[in-house]
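# Observations on chain architecture
Below are the chains, spelled out letter by letter.
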Amino acid sequence: MKKRPILSALGVLFIAFCLYQVYVFYFATNDNIQSIYLVPKDAVYVIKTDQPVDNWATISESEIWQHLNTNDYFNTLAKNLNKLDSIFKEKESVFNRIGNRDVLVSAHVYAPKKYGFFYVVDLQKLSRLNVLKSHLNTVVNNNYKVSKRDYKTHEITEVYDNKTHETLYISFIKNQMIASYVHTLVEASIDQYLEPVIGRNLNFLEVKKEVDGSDMFRLYFQYDYLDEFVKVFSDKTNTLSTSISKSLAFSGFSFDLNKNIITANGITNVNPNAGIYLKALQKSGKGGRSITEIAPKKTALYLSFGFSRFSEFYQNFEEIQKENPKQFKSYTEGIEQVESFLKINIKRHFINWVDDEVALLQLHSSVSQSKQDVALVLKAKHKDDAKENLGFVLEQIRKRSPVKFKEINYKGYAINYM
C-alpha cells in the first residue's frame with residue numbers, strides 16, 4: 001500500500017521536472033554570448049561556418065581538399081578537425097542533436113614554433129539542457145578517459161585519448177562549448193570572455209559586416225600576429241610578412257565551393273599607420289583584373305594592385321610623401337639624380353604608359369626546387385607606346401652605364417636581359 005504514494009510522488013516530481021525543462025527550453029530569458037567573444041585575442045585567423053556537418057562533408061570529399069592534404073599544414077588542419085569530429089561520432093544520436101550550428105575554428109601560436117586550434121560551438125537552447133556538460137563521459141567510448149577540474153569558477157572537462165595520448169580540453173560558457181587540444185587556449189578564453197578583444201575590435205567589425213552571409217564559411221585574418229605565425233614555418237626573417245603585418249589590420253572573406261572551384265569575396269582594412277604605398281593605393285580608385293589572362297598555369301601566388309590610372313596612383317604617392325618634408329626631399333633628389341644621369345623623364349618614359357593594374361606573380365622555379373621565381377607585370381595602355389619608351393630607357397642605360405643588355409627571340413617575342 002505504501003508503494004502507491006511513493007510512485008505518485010515520483011510521478012509528480014517527474015512531471016514537474018519535464019515542465020521545468022520545457023519552460024527553460026522555450027520560455028526562459030536568453031543568456032547567450034557571441035562565439036567570437038570567446039576567441040582568445042591572439043588568433044591569427046578565424047574560420048566560421050553555420051553548417052559545419054554538411055559543409056565539412058562537402059569540403060572533405062572534394063578533390064581540392066584531397067589535394068590540399070598533400071600539404072603538411074593543411075593535413076594537420078584536417079587531422080585536428082577529424083579528431084574533434086570522431087569524439088562525438090561514436091554516439092551518433094548526440095552528434096545529430098548538435099547538428100548544424102555555428103562553429104568557429106581559430107589558429108593561435110601558443111609557443112615558439114608551435115600553433116594550435118581553438119573551437120567554439122554554439123549549442124543554442126541545447127545548452128540549457130546540459131546534455132553534453134553533464135553526460136560527456138557517456139558520449140565518448142572506452143578509448144577515452146574523462147576527468148574534470150575547475151579554473152576560475154569554470155569547470156574544464158579533460159578527454160584523454162588512450163591511443164594518441166592527447167587531451168582535449170572542453171568547457172561551457174553560457175550557450176557556447178569551447179574546446180582545444182591546448183589547455184592554455186581554453187583558459188585564455190575563460191580569462192577574457194567578460195572583456196572580449198577581437199569581437200569588439202572596430203576593424204574586425206568592419207570586415208565582418210561586409211562578409212556575413214549565406215555562404216559555406218567565412219575566414220577572418222588578423223595581421224598583428226602574422227609574423228609569429230610565419231616564424232612557425234621558417235627561421236628566416238620575412239620582410240614581406242613584417243611589412244604586411246604593419247600595414248594591414250583585418251581581412252574578411254566569404255568562401256563557397258562549387259564543382260571543385262573555390263570562390264572568395266571580401267575586404268581588407270588598412271592600418272592607420274600603414275606605409276605610403278597602401279595609403280596612395282586606397283585613394284586611387286579601382287582597376288580591372290586582366291593580368292590573370294597571361295599568368296602561367298603554375299602561378300603559385302597572384303598579387304594584383306588596381307587603380308583607375310597608374311598616373312593617379314603615382315600622383316597620390318607623391319602627395320602623401322609631402323606630409324614628411326624631409327622624406328619627400330630625399331625622394332625628389334633621388335628621382336632628379338636618376339633623370340639627370342640617364343637623360344630621361346620618369347613620368348613621360350615610364351609612369352604615363354602604365355594602365356590600371358600592376359601584379360606580382362610567384363612561380364615555381366624550373367631551375368631549382370629550392371628557389372621561387374617572382375615576376376613583376378605591368379599592364380600597358382598601348383603596347384607600342386610601352387615598347388618605344390622602355391626601348392628609350394634601355395638605350396640610355398646602355399649608353400651611360402657599364403650594364404650590358406642582350407636580346408633573344410622566344411616564339412616571336414623579344415626578351416631583353418642584363
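Residues numbered from 1 in each chain as written. Predicted model: local features only at pLDDT ≥ 70, side-chain atom pairs only at ≥ 80, totals over all residues. Heavy atoms only, no water.

### Some words on a nonpolar patch on the surface
Going by this rule: Note that patches include only residues with greater than 30% relative accessible area and no salt bridge, and the join distances are 9 Å for like charges and 5 Å for nonpolar side chains (Val, Leu, Ile, Met, Phe, Trp, Tyr). Computed with a 1.4 Å probe, the accessible areas rest on the Shrake-Rupley method; for each residue, only the protein chains presented here act as cover. Should a side-chain nitrogen of Lys or Arg be within 4 Å of a carboxyl oxygen of Asp or Glu, the pair is scored as a salt bridge. Each helix is a run of DSSP H or I of at least 4 residues and each strand a run of E of at least 2, with the numbering of both proceeding from the N terminus. Exposure classes here rest on a 1.4 Å probe applied to the protein chains alone. A residue is buried below 20% of its type maximum, exposed above 50%, and partly exposed in between.
Taken together, the side chains of Leu301, Leu303, Leu360, Val374 and Leu376 define a hydrophobic patch exposed on the protein surface, amounting to about 440 Å² of accessible area. At the level of elements, strand E11 (299-306) and strand E13 (372-380) are the ones that each hand at least two residues to the nonpolar patch. With respect to the helices, strands and loops of the structure, Leu376 is situated in strand E13. Judged by its relative accessible area of 57%, Leu376 falls in the exposed class.

### Here's the deal with the nonpolar core
Where we set the bar: By convention a nonpolar core is built from buried Ala, Val, Leu, Ile, Met, Phe, Trp, Tyr and Cys residues, the set being connected through side-chain atoms within 4.5 Å.
If you look at the biggest cluster of nonpolar residues, it comprises 35 residues, and the most contacted ones within it are Tyr45, Phe117 and Ile170. Elements represented by at least two residues in this core include exactly strand E1 (43-49), strand E2 (103-111), strand E3 (114-122), strand E6 (167-173), strand E7 (176-180), strand E8 (217-222), helix H10 (226-233) and strand E9 (248-258). Ile156, Val186, Tyr193 and Val211 belong to the second-largest nonpolar core, a separate cluster that totals 26 residues.

### Side note on the sheet that holds E3
As a reminder, the rule being used: Strands qualify as paired when DSSP identifies two bridges or more between them. Note on geometry: axes are C-alpha line fits, over the in-contact stretch for helices, and angles between N-to-C directions span 0 to 180 degrees.
Ordered by their spatial adjacency, ten strands build an open sheet running E4-E5-E6-E7-E3-E2-E1-E8-E9-E10, and the pairing between neighbours is antiparallel. In this open sheet, the two strands that pair with only one neighbour each are strand E4 (144-151) and strand E10 (261-270). Averaged over all neighbouring strand pairs, the angle between strand axes comes to 20 degrees, with direction disregarded. As paired elements, E2 and E3 share eight bridges and run antiparallel to each other.

### Some words on the environment of Leu123
With respect to the secondary-structure elements, Leu123 resides in the loop between E3 and helix H6 (126-129). Leu123 sits in the buried class, given a relative accessible area of 5%. C-alpha of Leu123 to C-alpha of Gln176: the two residues are 53 residues apart in sequence and 5.7 Å apart in space.

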